Amino acid sequence: MSRGFTTERRQTPRIAPGGIECRLELRTRVRLLDISLSGALLAAELTLPIGASAQLRSGLGASTFRSEVQVRRSVGLPPGVPLKGLGAMFMTMDERSRRSLEDFLRKASQ
């Protein structure tokens, strides 16, 4: 079997862009394992590197919650759990999400 060049199938030629950086936004489901005012422990389908930024959106009780988070650590989960543990710190959130989080934590601690 020959390993020669194959016929070009592309409609247009590709070029190397020369050092242009870009982001690939991925969506994946995560499970919220615990939460505090400063961050959350998540179980995710995908491994994210330490320092990676993401947007976390969820419902907390009857309210919605959204925050920019940064992965701060990788956490081992119990054997047999096919998810990856991620410790994430809240970086920014709007006032509505802050109130939602505070109300949720207050009610959960009673």
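Going by the structure above, here's the rest.
Note that the coordinates shown come from a computational prediction; the quantities given were computed from them, not determined experimentally.

K.L.:
Mind showing me how you'd approach the packing of aromatic side chains here?
P.N.:
Centre-to-centre distance and the angle between the planes together describe a pair of aromatic rings. For the structure shown, the criterion picks out one aromatic pair. Ring geometry for phenylalanine 65 versus phenylalanine 90: centroids 5.4 Å apart, planes at 65°, classification edge-to-face. With phenylalanine 65 in strand β4 (residues 63–75) and phenylalanine 90 in strand β5 (residues 84–93), the pair connects residues that are 25 residues apart, well separated along the chain. Taken individually, phenylalanine 65 and phenylalanine 90 each receive the classification buried, so the pair is uniform in this respect.

K.L.:
Explain the pairing of strand β2 (residues 39–44) to me, please; I cannot follow it from the model alone.
P.N.:
Regular strands have side chains that alternate between both faces of the sheet. Among the six residues that make up β2, six are buried, leaving the element largely enclosed by the rest of the structure. Of the two faces of β2, the one lined by Gly39, Leu41 and Ala43 and the one lined by Ala40, Leu42 and Ala44 are each fully buried. Where strand β1 (residues 30–35) and β2 come together, five bridges link them in antiparallel fashion. Each bridged residue has a counterpart across the sheet, and for valine 30 the counterpart in β2 is alanine 44. Two successive antiparallel strands, β1 and β2, enclose a turn made up of three residues. Here β2 pairs with β5 via six bridges, running antiparallel. Following the sheet pairing, alanine 40 is matched in β5 by alanine 88.

K.L.:
Help me understand the pattern of salt bridges in this model?
P.N.:
Pairs can form between side chains of opposite charge once their charged atoms are near each other. Considering all chains together, one arrives at one salt bridge under this definition. Of the charged contacts in the structure, one is a salt bridge between arginine 106 and aspartate 103, with a shortest N-O distance of 2.5 Å. Here aspartate 103 and arginine 106 lie together in helix α1 (residues 95–108), a separation of three residues that amounts to about one turn.

K.L.:
Looking at this structure, how should I read a nonpolar patch on the surface?
P.N.:
On the surface, Leu24, Leu26, Leu46 and Leu48 cluster together to form a nonpolar patch covering roughly 390 Å² of accessible area. With respect to the helices and strands, the residue leucine 26 is situated in the segment before β1. Note on leucine 26: relative accessible area 58%, which makes it exposed.

K.L.:
Where do I start with α1 in this structure?
P.N.:
Note that an α-helix has 3.6 residues per turn; residues three or four places apart therefore point the same way. The first and last C-alpha atoms of α1 sit 20 Å apart over 14 residues, in line with the 20 Å expected at 1.5 Å per residue. For α1, every residue scored as buried is listed here: Ser97, Ser100 and Leu101. Buried residues along α1 cover an arc of 95° about the axis, so they all sit on one side. Turned more than 90 degrees off the buried face of α1, the exposed positions are Glu95 and Lys107.

Rules and cut-offs
Residues numbered from 1 in each chain as written. Predicted model: local features only at pLDDT ≥ 70, side-chain atom pairs only at ≥ 80, totals over all residues. Heavy atoms only, no water. Phe/Tyr/Trp six-rings, centres within 6.5 Å; stacked < 30°, edge-to-face > 60°. Helix = DSSP H or I, 4+ residues; strand = E, 2+ residues; numbered from the N terminus. Buried < 20%, exposed > 50% of the residue type's maximum accessible area, 1.4 Å probe, protein only. Pairing = 2+ DSSP bridges. Salt bridge = Lys/Arg side-chain N within 4 Å of Asp/Glu carboxyl O. Patch = residues over 30% accessible without salt bridge, like charges linked within 9 Å, V, L, I, M, F, W, Y side chains within 5 Å. Areas by Shrake-Rupley, 256 points an atom, 1.4 Å probe, with all protein chains shown as cover. Expected span 1.5 Å × (residues − 1). Arc of directions from axis to C-beta.

None of this, on its own, says anything about what the molecule does.
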